[in-house]
Amino acid sequence: MPERADASYKPRVDLLAGRVILVTGAGDGIGRAAALAYARHGADVVLLGRTESKLEAVFDTIESETRTRPVVVPADLQHASEDAATILYHAIRREYGRLDGILHNAGLLGPRTSIAEYPVADWLEIMHVNVNAAFIVTRALMPLLEESPDASVVFTSSGVGRRGRAAWGAYAVSKFALEGLVDVLADETRTGCIRVNSLNPGATRTAMRSAAYPDEDPGALPTPEDHMGLYLFLIGPDSQGITGERFDPASWAGPN
Ligand code: NDP
């Protein structure tokens, strides 16, 4: 454990050297910032997302700034299936022979409307992208994670995944489901080398936040880069021994 596991945390520059980390939704927003931060700290990053041009741009930045070996995996998680996840497993095994972490970050907001009015098709899509895909991908990659001497799986939650609110619909329910997945998986892996935690980034300046709060001034919000200490801490070796916990930047910053 580092001296202080809080906002004063300073990750070593080679924190993730030799590690392979999968980031979903790596082309934009928080996922993009995390992929870049992980590569800048030495990780080979598997960049998974649905818009190939955005992933290629992240790939180019990593290639130009680091000596790590990223790969791009274009995949729409709306179509996540056992077969597709098995192909991903074989691709990672072939390319790197290991996997040391997953940041489940990809997410869909969906309609902001009441349960009574919520379109069923949207509900099913959001639950599939936000929850089912995270389960399907994690399940398929477990054999690789189990071979790692120190693996970390981080699921991205939300404030409304810890206390539901009107008109947050499938998004809120999907995040509650992820919190449950964290509890179950953390309990199942407690004696091994895999730790599993949830991370709620809180209000952050991204396209999703602007869609949810169109009248808000984005300039008043923290950027994805502001949160990267916590994202590095949880995916890297300094969080060894911490599992089944819920994190967010506000509690990480401490009570002052
Ligand atoms: P963005 O919308 O900016 O980025 C989301 C990323 O997920 C994009 O790269 C997007 O791809 C990808 N994605 C969406 N749907 C799919 C799909 N079907 N298949 C593959 N990739 C997909 O959101 P944020 O960066 O704000 O959010 C990241 C995570 O943080 C989410 O899980 C969100 O719920 C959570 N969060 C965010 C908060 C905030 O204030 N920003 C607050 C609390 C939680 P593409 O670029 O192609 O659209």
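Described in the following lines is the structure provided in the data block. (Residues numbered from 1 in each chain as written. Predicted model: local features only at pLDDT ≥ 70, side-chain atom pairs only at ≥ 80, totals over all residues. Heavy atoms only, no water.)

## Digging into the side chain of Asp-150
When you line up the elements, Asp-150 lands in the loop between α4 (120-147) and β5 (151-156). On the basis of relative accessibility, which here comes to 7%, the residue Asp-150 falls in the buried class. At a separation of 2.5 Å, a polar atom in the side chain of Asp-150 contacts the side chain of Arg-195. For Asp-150, the side chain forms a polar contact with the side chain of Gln-240, separated by 3.2 Å. Setting aside its immediate chain neighbours within four residues, Asp-150 contacts Arg-19, Asp-100, Cys-193, Arg-195, Pro-237 and Gln-240. (Helix = DSSP H or I, 4+ residues; strand = E, 2+ residues; numbered from the N terminus. Buried < 20%, exposed > 50% of the residue type's maximum accessible area, 1.4 Å probe, protein only. Polar contact = N/O pair within 3.5 Å; in protein donor to acceptor, adjacent residues only side chain to side chain. Contact = heavy atoms within 4.5 Å.)

## Some remarks on the nonpolar core
Core analysis: the largest hydrophobic core is formed by 36 residues, its most contacted members being Leu-22, Ile-92, Leu-99, Leu-141, Leu-145, Phe-155 and Val-196. Counting residues per element, the ones that place at least two in this core are β1 (20-24), β2 (44-49), α3 (82-95), α4, β5, α5 (169-188) and β6 (194-199). In terms of residue count, the dominant contributor to this core is α4 (eleven residues). Residues in contact with Phe-155, not counting those within four places in the same chain, are His-104, Ala-134, Thr-138, Leu-178, Leu-181, Val-182, Leu-185, Val-196, Asn-197, Ser-198 and Leu-199. Counting 34 residues, the second-largest nonpolar core is a separate cluster that includes Ile-30, Phe-59, Leu-230 and Phe-233. (Core = buried A, V, L, I, M, F, W, Y, C linked by side-chain atoms within 4.5 Å.)

## Overview of helix α2 (residues 52-65)
Given a rise of 1.5 Å per residue, 14 residues ought to cover 20 Å, and the 20 Å separating the end C-alpha atoms of α2 matches this to within 8%. On its buried face, α2 is in contact with α1 (29-40), β2 and β3 (71-74). (Expected span 1.5 Å × (residues − 1).)

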